[in-house]
Amino acid sequence: MDGIIALGSGGAAVVTSFTLFVGVRGKNKIKIEKDHVPYWAYGIGLLSAGAGAAFSNLGTIGAQFNTAFSQAGGLGEWKAGATAAVLTVCVFGLKPRPWKDAMFGAIAPSVFTLAGGLWVLPVTLPTGLLKALLGA
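Quick caveat, the model's predicted, so the values are computed rather than measured.

Chemist: So what about the pattern of salt bridges? Which residues, and what values?
Modeler: In total, this model carries two salt bridges according to the counting rule given. In this structure, the salt-bridge partner of Glu77 is Lys79, at a minimum N-O distance of 3.5 Å. Judged by its relative accessible area of 69%, Glu77 is exposed. Accessibility expressed as a relative area gives 54% for Lys79, which makes it exposed. For Asp101, the salt bridge identified is with Lys100, shortest N-O distance 2.5 Å. Taking relative accessible area as the criterion, Asp101 reaches 1% and is therefore assigned buried.

Take a look at the structure:
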């Protein structure tokens, strides 16, 4: 048995992405509140790490997001932990917007992993649980 649900990481990422897309529109039986979009997108970001090529760009986008800040000369020394903190404030400190929360939520796991330290905990703990449940 691969997992309790046995979707696999690619299947779980597709199902989660499709559910988010359908639920945010709010015109179907599945309804996702704007406040919940970051959590759904974060789950997609976690699942994408083990998924196929279609989802591999999320990790690259997260690394490029950090590089954009760290190469800005006027900011001084910039590390990945600062990018993770800015990303967290953007998701939870600003007014909920599905497009913003979906984008930042999906790249957050890769930025948190890049930052290391305590930032890795929100990635490693749910990933272990997802692997056990989904067989991802």
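Chemist: Before we move on, can you summarise the environment of Ile61 with the specific residues and values?
Modeler: Relative to the helices and strands, Ile61 is located in helix α3 (residues 57-70). Along the chain, Ile61 and Ile107 lie 46 residues apart, while their C-alpha atoms are 6.7 Å from each other.

Chemist: Please provide a residue-by-residue account of helix α4 (residues 80-93), values included.
Modeler: The first and last C-alpha atoms of α4 sit 19 Å apart over 14 residues, in line with the 20 Å expected at 1.5 Å per residue. Every buried residue belonging to α4 is among Ala80, Thr83, Ala84, Leu87, Cys90 and Val91, and all of these are buried. Looking straight down α4, one finds that the buried residues subtend no more than 125 degrees of arc, so they occupy a single side. Exposed side of α4, more than 90 degrees from the buried face: Val89, Phe92 and Gly93 are the residues found there. Buried-residue contacts for α4 involve α2 (37-48), α3 and α5 (98-115).

Chemist: Got a sec to walk through the packing of α3 against α4? Specific residues and values, please.
Modeler: Put simply, α3 and α4 touch, their axes get as near as 9 Å, and they point 110 degrees apart. The angle between α3 and α4 falls in the class roughly perpendicular. Contact residues: Phe65, Asn66 and Phe69 in α3; Ala80, Thr83, Val86 and Leu87 in α4.

Chemist: Run through the side chain of Asn66, naming residues and quoting values.
Modeler: Within the secondary structure, Asn66 is located in helix α3. At 2.5 Å, the side chain of Asn66 and the side chain of Thr83 are in polar contact.

Criteria and thresholds
Residues numbered from 1 in each chain as written. Predicted model: local features only at pLDDT ≥ 70, side-chain atom pairs only at ≥ 80, totals over all residues. Heavy atoms only, no water. Salt bridge = Lys/Arg side-chain N within 4 Å of Asp/Glu carboxyl O. Buried < 20%, exposed > 50% of the residue type's maximum accessible area, 1.4 Å probe, protein only. Helix = DSSP H or I, 4+ residues; strand = E, 2+ residues; numbered from the N terminus. Expected span 1.5 Å × (residues − 1). Arc of directions from axis to C-beta. Contact = heavy atoms within 4.5 Å. Axes fitted to C-alpha atoms, helices over the stretch in contact; angles between N-to-C directions. Parallel < 35°, antiparallel > 145°, perpendicular 65-115°, else oblique. Polar contact = N/O pair within 3.5 Å; in protein donor to acceptor, adjacent residues only side chain to side chain.

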